[in-house]
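# Observations on the three-dimensional arrangement
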Amino acid sequence: MTDTAIKLLSIESAGTLCSVAVAGFGKNAFISSEPGQKHTSVILGMIRNALQEASGSLDSLNAIVFGAGPGAFTGLRVACGMAQGIGWALNKKLIAVNNLLALAYRQINALKEEDSILVSTDARMHECYTAVFTKRGERLVERVPAFLSAPEDLVRHAEESNCSALCGNAFAAYPVEIPPALQLLSTEDANAEMLLVPALIEYGQDKLITPEQAGPLYVRNHVAQTIEERKKIKEAKSS
């Protein structure tokens, strides 16, 4: 599905996997790893190996794609920071791709015109990153922007948005909490290869950004309690 005239490097590290994809050089390459919390120690080698496998080069790239999220705070910063670094060094523009949108595009051929799909991925802490997209022609339009949801509420959200299908790894992560409903198309998480389809659409619409403009999509803005917050909670419980 990749236009061989457009040379892209794609980086994704928002989930449990760290992955890199290269496309447009005649031979595509995809490398993934599960490094735990060591994304920064493996990502450069993965990029180097993927470019070598695809017989490509950083200088020849038309743009650098990165998974903007939503996803894990540290992983999002790794992908965005790496894309920014390459962009600054080589004067290349970037394409930020919503991870949930990438998962939805994976299922676009299973949707009819004006069908909506709810996409949800595991956000840990018993929460899910969730969004709804609607098929319009060969494109997917964001109907409900990414938000945090309890797994128990996913089916209700899907029904309220008149969705005909579901996808995302939240449905595998919380099989007990989420009752079976609608059509579950996939329980995948996003990877660098999946980002390429929406990235090509963004490229065709000239929706590229400079490294200075790049930033992760943070849905969960407040994860850890500060020392002062924990102190106040402890005092409230003891009073």
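Refer to the structure printed above.
Throughout what follows, the structure given in this document is the object of discussion. In this text, all values refer to a predicted model and were calculated from it rather than measured experimentally.

Next up on the list: the overall build of the protein chain. When its secondary structure is counted, the protein chain shows seven helices and ten strands. Buried residues in the protein chain amount to 46% of all 239 residues. The contacts in the protein chain between residues at least 6 apart in sequence include a share of 64% that link residues at least 24 apart. In the structure as shown, the protein chain presents an accessible area of about 11900 Å², 50% of it carried by carbon and sulfur atoms.

Our next topic: the side chain of Asn99. For Asn99, the location among the structural elements is in helix 3 (residues 99-106). Since its relative accessible area comes to 5%, Asn99 is described here as buried. Looking at Asn99, its side chain comes within polar contact range of the main-chain nitrogen of Ala68, at 3.4 Å. Every residue in contact with Asn99, bar those within four places of it in the chain, is listed here: Glu12, Ala14, Gly67, Ala68, Gly69, Pro70 and Ala190.

For the rest of this paragraph, the subject is the pattern of salt bridges. By the definition in use, this model includes five salt bridges. When the shortest N-O distance is used, the salt bridge between Arg136 and Glu114 registers 2.8 Å. Note that Arg136 is positioned in strand 7 (residues 128-136) and Glu114 in the loop between helix 3 and strand 6 (116-122), a separation of 22 residues in sequence. Between Asp153 and Arg156 there is a salt bridge, and its shortest N-O distance comes to 3.8 Å. Judged by relative accessible area, Asp153 falls into the partly exposed class, the value being 27%.

Our next topic: the sheet that holds strand 10 (residues 183-186). The strands making up a sheet are joined through hydrogen bonds of the backbone, oriented either antiparallel or parallel. Strand order in this open sheet of five strands is 8-7-6-9-10, and the pairing throughout is mixed. Each end of this open sheet is capped by a strand with a single partner; those strands are strand 8 (139-149) and strand 10. Taking each pair of neighbouring strands and ignoring which way they run, the sheet shows an average axis angle of 25 degrees. Bridge count for strand 9 (residues 165-167) against strand 10 is three bridges, and the pairing is parallel.

So, about the sheet that holds strand 3 (residues 29-33). The strand order across the open sheet built from five strands is 3-2-1-4-5, with neighbouring strands paired in mixed fashion. At either margin of the open sheet sits one strand with a lone partner, and together these are strand 3 and strand 5 (94-98). In this sheet, neighbouring strand axes are inclined to one another by 15 degrees on average, regardless of whether the strands run parallel or antiparallel. Where strand 4 (residues 63-69) and strand 5 come together, five bridges link them in parallel fashion. Across the sheet, residue Phe66 finds its bridge partner in strand 5, namely Ala96. The strands touched by helix 3 are strand 1 (8-12), strand 4 and strand 5; relative to strand 5, the strand with the most contacts, the crossing angle is about 75 degrees.

All right, on to the environment of Arg139 then. Looking at the secondary structure, you find Arg139 in strand 8. Looking at Arg139, the relative accessible area reads 37%, which means it is partly exposed. For the pair Arg139 and Ile108, spaced 31 residues apart in sequence, the C-alpha to C-alpha distance is 8.2 Å. Not counting chain neighbours up to four residues away, the residues in contact with Arg139 comprise Tyr105, Ile108, Thr134, Ile201 and Gln205.

This part covers the pairing of strand 5. Side-chain direction in a regular strand flips from residue to residue, so the side chains alternate between the two faces of the sheet. Burial analysis of strand 5 places four of its five residues in the buried class, the great majority of the element. In terms of handedness, the path from strand 4 via helix 2 (residues 73-90) over to strand 5 forms a crossover that is right-handed.

What follows is about the packing of helix 3 against helix 6 (residues 196-204). Between helix 3 and helix 6, whose axes approach to 8 Å, the crossing angle comes to 105 degrees. Relative to helix 6, the element helix 3 is oriented roughly perpendicular. Each of Leu101, Ala102 and Tyr105 in helix 3 lies in contact with helix 6, whose residues at this interface are Val197, Pro198 and Ile201. Residue classes in the contact of helix 3 with helix 6 are distributed as six nonpolar, no polar and no charged.

Cut-offs used in this document
- Residues numbered from 1 in each chain as written.
- Predicted model: local features only at pLDDT ≥ 70, side-chain atom pairs only at ≥ 80, totals over all residues.
- Heavy atoms only, no water.
- Helix = DSSP H or I, 4+ residues; strand = E, 2+ residues; numbered from the N terminus.
- Buried < 20%, exposed > 50% of the residue type's maximum accessible area, 1.4 Å probe, protein only.
- Contact = heavy atoms within 4.5 Å.
- Areas by Shrake-Rupley, 256 points an atom, 1.4 Å probe, with all protein chains shown as cover.
- Polar contact = N/O pair within 3.5 Å; in protein donor to acceptor, adjacent residues only side chain to side chain.
- Salt bridge = Lys/Arg side-chain N within 4 Å of Asp/Glu carboxyl O.
- Pairing = 2+ DSSP bridges.
- Axes fitted to C-alpha atoms, helices over the stretch in contact; angles between N-to-C directions.
- Right-handed = clockwise from strand over helix to strand, strands pointing away.
- Parallel < 35°, antiparallel > 145°, perpendicular 65-115°, else oblique.
- Nonpolar A, V, L, I, M, F, W, Y, C, P; charged D, E, K, R; others polar.

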